[in-house]
Amino acid sequence: MKRYVYINENESSHELYCDNRISNRKYTVLNFLPKNLWEQFSRFMNQYFLLIACLQLWSLITPVNPASTWGPLIFIFAVSASKEAWDDYNRYLSDKKANEKLVWVVRQGIRKHIQAQDIHVGNIVWLRENDEVPCDLVLIGTSDPQGLCYVETSALDGETDLKTRGIPATCMGIDFELLHKIKGVIECPNPDKDIRRFDANLRLFPPFIDNDVCPLTIKNTILQSCYLRNTEWACGVAVHTGNETKLGMSRGIPEPKLTAMDAMIDKLTGAIFVFQIVVVMVLGIAGNVWKDTEARKQWYVLYPLEGPWYELLVIPLRFELLCSIMIPISIKVSLDLVKSLYAKFIDWDSEMIDYETGIPSHATNTAISEDLGQVEYIMTDKTGTLTENRMIFRRCCINGVFYGNESGDALKLLNAVAGSSPDVIQFVTVMAICNTVIPIKSKTGAILYKAQSQDEDALVNAAAQLHMVYANKNANILEIRFNGSIIKYELLEILEFTSDRKRMSVVVKDCQNGKILLLSKGADEAILPYAYDGQQTRTFIEVVEQYAQLGLRTLCLAWRELKEDEYQEWSLMFKEASSTLVDREWRIAEVCQRLEHEFEVLGVTAIEDCLQDGVPETIETLRKAGINFWMLTGDKQNTAIQIALSCNFISPEPKGQLLLIDGKTEDEVCRSLERVLLTMRITSSEPKDVAFVVDGWALEIALKHYRKAFTELAILSRTAICCRVTPSQKAQLVELLKSCDYRTLAIGDGGNDVRMIQQADIGVGISGREGLQAARAADYSIGKFRFLKRLILVHGRYSYNRTAFLSQYSFYKSLVICFIQIFFSFISGVSGTSLFNSVSLMAYNVFYTSVPVLVSVLDKDLSEGTVMQHPQILFYCQAGRLLNPSTFAGWFGRSLFHAIIVFVITIHAYAYEKSEMEELSMVALSGCIWLQAFVVALETNSFTVLQHLAIWGNLVAFYVINWIISAIPASGMYTIMFRLCRQPSYWITMFLIVAAGMGPVLALKYLRYTYRPSKINTLQQAERMGGPILTLGNIEPQPRSIEKEVSPLSITQPKSRSPVYEPLLSDSPNSSRRSLGPGTPFDFFQLQSRLSSNYSRNCKDN
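Residue positions are given per chain, counted from 1 along the sequence in the order it is written. Selection of residues for local features in this predicted model requires a pLDDT of at least 70, selection of side-chain atom pairs for listing and counting requires 80 or more, and totals for whole chains, interfaces and linings are taken over all residues. Hydrogens and waters are ignored; side-chain quantities use all the structure's heavy atoms.

What follows concerns the confidence of the model for the protein. Confidence in the prediction for the protein averages 82 pLDDT; 87% of positions are at 70 or higher. You can read pLDDT as the predictor saying how much it trusts each residue, on a scale of 0 to 100. Whether two residues are in contact is decided by their heavy atoms: any pair within 4.5 Å suffices. pLDDT under 50 marks residues 1041-1102. Its contacts with residues more than four places away, or in other chains, come to 177 contacts.

Here it is as structure tokens:
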């Protein structure tokens, strides 16, 4: 579908396209209540509690006042609705501010001040310096004589460097006074969210130009929310407005991620629900039987001889209402609250601030912090993630002559330039002008370069250090200052870099002699195969391999001279391809291929990208924690391998093994994959010591034709290096590991990592030199890779431990009170009568038992230093050791035991006509509160003043509140608490309940701590004793089993991978899951390269 935008036609597009009103609101005043209630009741648990609350309105069956359920339910809904309303109100204020901003727009040939929301498609919008762009515009004029302007796009893509935008060629030369009268049509596609692409055409109507078609690209646009910088004014035609702008189309709520712990809680909730139904059916039948056999014999039971048709349902429904508190109504709100606090702890962590840039860590997703503690695979980018993305020109080879070495040899290259060696001069010229860099002269006269690529920045700065200074760009004229003279080139065309072509070229015309030159740079496989017949490229191939083995990034530089008629013929095809609206990118690539051949290869550049500080240590520590690493990079194979060696990603030879998967055909890839699979199945090496290496081509074939075999390899392998992979392949690999039931974390720093980050269970973005695209798309953003260690080991582990306790305790406290109600039914004729009154039940769930456990967010079983020193204890979280059916069964048993203790002791002390029912109820409730105070205290590992206040202060508050209620005659509990507190028997009962309930629990904990201590218990004891722990041994869980259908190749099934694994966690249900699946840019060897060159190898030998 196409859109035709008529320039300066005030009424033609008003009915066709929306105005520029921005609306990010989720609700309106009229639909807020019904829409919000619909969203909340779309959840099963809310539907369940609503059903229970409605049943309690039936006076015949309700054992308690309906307020006991309606009160908490309305409170929880009100809290959720208030949060949604507040968030939506803030969005409304933000929209209102943007919509009412005043802008200059041409109306009826006159510039007028209007609100931004009144802009329509086709309007000409005028901007001044530092103005925010109100909608997507196609530039038609700027204050710059060259038709250029500078925009800041950080609000759009996170990139901090200024971008250059230019007016279309057809608009060049139009006088400033005539711009507001311009007429024409823009033919463009319908709105989309691709901020890097805009394929359109422009026709201006006479008298400006006679219907000549001018192609438009993204470089002719300035998009909504960008800022105009360093440009006095600019004007453009509105092509997309309102929510149809590229930014508006990109907005949206990401799909929520379900953590492993949430999934387990859902399963446990389902199990409790089934148990509840069984209990209700058994007690319902027993109640009806007792009613028909015994109740009618009792004179005080006034059952009618004949009841209504639904009489048999009354007692079961009454027990359903009585047992409904088995599922805690407050669990979701409690979990949401503590998860928000976990996210704040990450934001507030001063040890995760990158003081070099001042960037703090930030949690965008507040719901998945506990998943950080269960990460099993980390998929990492290389450039900018493991490395600094600070490129330094280190070496080069020109026509077979090497320049630069580890001892420093910059003088040789400088002498070659000074001697005007033709090959060297041509090589340095390509370095200087084959790019999209914009030179800007500062106030001091120094030349600063604005580059979108760190590689280009390094090359241009290196050329400047070699006296080939890219001094100015005036329209299409490039000025090079060399040895005091000015050399001018006319820029004819730019053949931009794409991930498919892997090279970029410029066509320039030498203004001195009129020669037309094609200058190119790119990857070796994109340049060397296109050398002219007769040129020996073996030397360059060897150079590329040698530089790659040193961990350096390589680019090949080439050129050729074009004939005038050849260029003119090609230029027409290029213009035609650039004007098409369908498959423009593919058509342009095809036309570029017609020109980019018969190269004369000049040489190879080698650029170093230094490792970030702390990367090797971080990877080593996380490996000890049982986390496996895959490197996914678009770089060369040998470069990636050397970086992997340098950062402890893999072990060096002879200990380490690299298994290569290569091939260009299906058969070659099949044989290679079969060989690697066989090796992986029989190897007994440690995980770090064996890794497979695969390039993008072989990976494409493997994923398409041998997916099951590659899935088996993914399960067997703990380390992988995937080279020359595309963004979509990165996302496919993450999805592959997720399909094997692994918890994955993806970390990257650039726009090409966004798909991988969004696909993973947890996405981490690094706020780096490539902008903030990855950080904005991620669940968490950090300043440097080394902070990942603390994010996982400290925040992830603490979050998992705290959530495991909170969720199970929430069920425990509800089950205790429910079991007491069930036991009471056996001495009340199985009638479904409630022992507790409505006020007590409501206060129990909302206040008495919730406050102490919420401060568990401060609990630390081990200090941060111990956790960082002994990362292997993360295995307990990865294996789900703290929250699984067995641990839940323990809490279930504890709740049953405590209910028995409370009920039996209370009945024997206060029943049998010794007291009224309200006293019995209050004694039982007091016993529950006392027990749970000691349970929370027993499960707390590190006490703070706040925790003591919450636990014991809450106990005091229980008595204060009930004293107040007992002083109210109409409360139904008049004088109850006063009388109880004056009775010694009451306090003796509390002592007996606590002693009988906590004694066995303490004994079991002591025996386990003394005779079967876990590694965590050992560390806790060491912390208390103040002594060091030299080693904890190996506590890694067993490797996963692999189903037979995974392997499509005729090889025997895999054996256990390594005898070094000690299956200490084999009792955990998740331990063996099945699956199917600042130096200057010219630091020319003045310092020793940080990348070690001792690990030279040719991976093909493996």
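Right, let's talk about the environment of Ser361 for a bit. Helix and strand definitions follow DSSP, with helices as H or I runs of at least four residues and strands as E runs of at least two, each counted in order from the N terminus. Of note, Ser361 is situated in the loop between helix H8 (331-348) and strand S14 (362-363). Relative accessibility under 20% of the residue-type maximum defines a buried residue, over 50% an exposed one, and the middle range a partly exposed one, all with a 1.4 Å probe and only protein chains included. According to the relative accessible area criterion, Ser361 is buried, its value standing at 2%. For the pair Ser361 and Ile346, spaced 15 residues apart in the sequence, the C-alpha separation amounts to 6.6 Å. For Ser361, the contacting residues outside a window of four places in its chain are Ile346, Asp347, Met352, Ser781 and Ile782. Pairs of N or O atoms within 3.5 Å make up the polar contacts considered here, provided that, within protein, one atom can donate a hydrogen while the other can accept it, and that residues adjacent in sequence are counted only when both atoms are side-chain atoms. Separated by 2.8 Å, the side chain of Ser361 and the backbone oxygen of Ile346 make a polar contact.

The next point concerns the pairing of strand S32 (residues 762-766). Most of S32 is tucked away, with 5 of its 5 residues classed as buried. In S32, alternate side chains face the same way, and those of Ile762, Val764 and Ile766 on one face and Gly763 and Gly765 on the other are all buried. Pairing between strands is defined by DSSP: at least two bridges between them are needed. One ladder, built from 4 bridges, connects strand S31 (residues 744-748) with S32; its direction is parallel. Paired with Ala746 across the two strands is Gly763, which belongs to S32. Read as a crossover between parallel neighbours, the route from S31 over helix H22 (residues 754-759) to S32 is right-handed. With 3 bridges joining them, S32 and strand S33 (residues 780-782) adopt parallel strand pairing. Within the sheet, the bridge partner assigned to Ile766 lies in S33 and is Ile782. For the handedness criterion, the strands are oriented away from the viewer, and a crossover whose path from the first strand over the helix to the second runs clockwise is classed as right-handed.

For Thr259, the location among the structural elements is in the loop between helix H5 (246-250) and helix H6 (260-293). Residue Thr259 is classed as buried on the basis of its relative accessible area of 1%. Beyond its immediate stretch of four places on either side in the chain, Thr259 contacts Lys339, Ala367, Ile368, Glu370, Asp371 and Arg743.

Another point: the nonpolar core. Residues enter a nonpolar core if they are buried and are Ala, Val, Leu, Ile, Met, Phe, Trp, Tyr or Cys, with the set joined through side-chain atoms within 4.5 Å. Ranked by size, the top nonpolar core spans 150 residues in total, and within it Ile378, Ile721, Leu745 and Leu788 carry the most contacts. Ranked by residue count, the leading element in this core is helix H24 (residues 787-825), at 23 residues. Core analysis: the second largest hydrophobic core is formed by 49 residues, Ile124, Val151, Ile174 and Phe198 among them.

For the rest of this paragraph, the subject is the layout of surface pockets. Roughly 1,600 Å³ of internal volume is contained in the second largest pocket. Every residue lining the second largest pocket is counted, 40 residues in all, and those nearest its centre are Leu882, Arg894, Glu939, Lys1005 and Arg1008. Among the elements of the structure, H24, helix H29 (885-910), helix H30 (917-939), helix H33 (984-1011) and helix H34 (1015-1025) are those that each provide at least two residues to the lining of the second largest pocket. With 8 residues, H33 is the single largest residue contributor to the lining of the second largest pocket. Within the lining of the second largest pocket, the residues separate by chemical class into 15 nonpolar, 14 polar and 11 charged. Buried and open spaces are told apart on a 1 Å grid over the protein atoms alone, a cavity being a set of points where a 1.4 Å probe fits but cannot get out and a pocket being an open set with protein on both sides within 12 Å along at least five of seven lines. Residues with an atom within 4 Å of a point are the lining residues. Grid points are joined across faces, edges and corners, and a volume is the space filled by probe spheres set on the points. The classification used treats Ala, Val, Leu, Ile, Met, Phe, Trp, Tyr, Cys and Pro as nonpolar, Asp, Glu, Lys and Arg as charged, and all other residues, Gly among them, as polar.

What counts as a ring pair is set by centres within 6.5 Å for rings of Phe, Tyr and Trp (its six-membered ring), and what kind of pair is set by the plane angle: stacked under 30 degrees, edge-to-face over 60, tilted for all other angles. This structure, assessed with the given rule, holds 31 aromatic pairs. Summarising the aromatic geometry, the rings of Phe402 and Tyr547 are spaced 6.5 Å apart at their centres and angled 85° between planes, so their arrangement reads as edge-to-face. Here Tyr547 lies in helix H13 (residues 538-549) and Phe402 lies in strand S17 (residues 401-403), a separation of 145 residues in the sequence. Overall, Phe402 belongs to the partly exposed group, its relative accessible area being 34%.

Our focus in this paragraph is the sheet that holds strand S9 (residues 200-204). A sheet is described by the order of its strands in space; here 4 strands give the open sequence S1-S8-S9-S10, paired in antiparallel fashion. Single-partner strands in this sheet number two, and they are strand S1 (2-7) and strand S10 (213-216). Averaged over neighbouring strand pairs, the angle between their axes works out to 20° when direction is ignored. In terms of strand pairing, S1 meets strand S8 (residues 184-189) through 6 bridges, oriented antiparallel. Each residue of the ladder has a partner; that of Arg3, found in S8, is Cys188. Each of S9 and S10 touches helix H14 (residues 564-579); the most contacted strand, S10, lies at about 65° to it. A fitted line through C-alpha atoms serves as each axis, taken over the contacting stretch for helices, and the angle formed by two N-to-C directions is quoted from 0 to 180°.

Attention now moves to the side chain of Asn435. Here Asn435 is to be found in the loop between helix H10 (422-433) and strand S18 (438-441). In this structure the side chain of Asn435 is engaged in a polar contact, spanning 2.8 Å, whose partner is the backbone oxygen of Ala432. Apart from the residues lying within four places of it in its own chain, the contact partners of Asn435 are Glu456, Val460, Tyr470, Met504, Val506 and Lys521.

Salt bridges are identified by distance alone: a Lys or Arg side-chain nitrogen within 4 Å of an Asp or Glu carboxyl oxygen. According to the stated counting rule, one finds 33 salt bridges in the structure shown. Notably, a salt bridge pairs Lys101 with Glu132, separated by 2.8 Å at the nearest N-O pair. Here Lys101 is found in the loop between helix H3 (67-99) and strand S2 (102-107), whereas its partner Glu132 is found in the loop between strand S4 (124-128) and strand S5 (136-142), with 31 residues between them in sequence. Arg394 serves as the salt-bridge partner of Glu608, at 2.7 Å between the closest nitrogen and oxygen. Placement of the pair is Glu608 in strand S26 (residues 600-611) and Arg394 in strand S16 (residues 387-398), with a sequence separation of 214 residues. Pair check on accessibility: Glu608 and Arg394 agree, each one buried. A single salt-bridge network, built from bridges that share partners, covers Asp349, Glu351, Arg790, Lys860 and Glu864.

Across its 39 residues, H24 extends 56 Å between first and last C-alpha, which sits within 8% of the 57 Å expected from 1.5 Å per residue. What the bend at a residue measures is the angle between two axes, fitted to the seven residues ending there and to the seven starting there. Residue Gly796 marks the point of greatest curvature in H24, where the axis turns by about 30°. H24 sits mainly inside the fold: 39 of its 39 residues count as buried. Helix span, expected: 1.5 Å multiplied by one less than the number of residues in the helix.

What follows covers helix H7 (residues 311-323). Burial within H7 is extensive, with 10 of its 13 residues counted as buried. What H7 keeps buried is the set Glu311, Val314, Ile315, Pro316, Arg318, Phe319, Glu320, Leu321, Leu322 and Cys323. On its buried face, H7 is in contact with helix H2 (44-55), H6 and H24.

Quick look at a nonpolar patch on the surface now. Here, patches come from residues exposed beyond 30% relative accessible area and free of salt bridges, joined within 9 Å for like charges and within 5 Å for nonpolar side chains (Val, Leu, Ile, Met, Phe, Trp, Tyr). To measure how exposed things are, a 1.4 Å probe is used in the Shrake-Rupley method; for residues, cover is taken only from the protein chains shown. Together, Val956, Val960, Trp963, Ile964, Ile968 and Phe978 make up an exposed nonpolar region whose accessible area comes to about 510 Å². In terms of residue count, helix H31 (residues 945-966) provides more of the nonpolar patch than any other element does, 4 residues in total. Inspection of the secondary structure puts Trp963 in helix H31.

Take the packing of H10 against helix H11 (residues 454-465) next. Running from N to C, H10 and H11 cross one another at 130°; their axes reach a closest spacing of 7 Å. Here H10 is positioned oblique relative to H11, judged by the angle of their axes. As for the relative orientation of H10 and H11, their crossing is left-handed in sense. Residues Val428, Met431 and Ala432 of H10 pack against Leu459, Val460, Ala462 and Ala463 of H11. Split into classes, the residues belonging to the contact of H10 with H11 amount to 7 nonpolar, no polar and no charged. An angle counts as roughly parallel when it lies under 35 degrees, as roughly antiparallel when it exceeds 145, as roughly perpendicular when it falls between 65 and 115, and as oblique in every other case. We call a crossing left-handed when the near helix sits turned anticlockwise from the far one by less than a right angle, and right-handed when that turn is clockwise.

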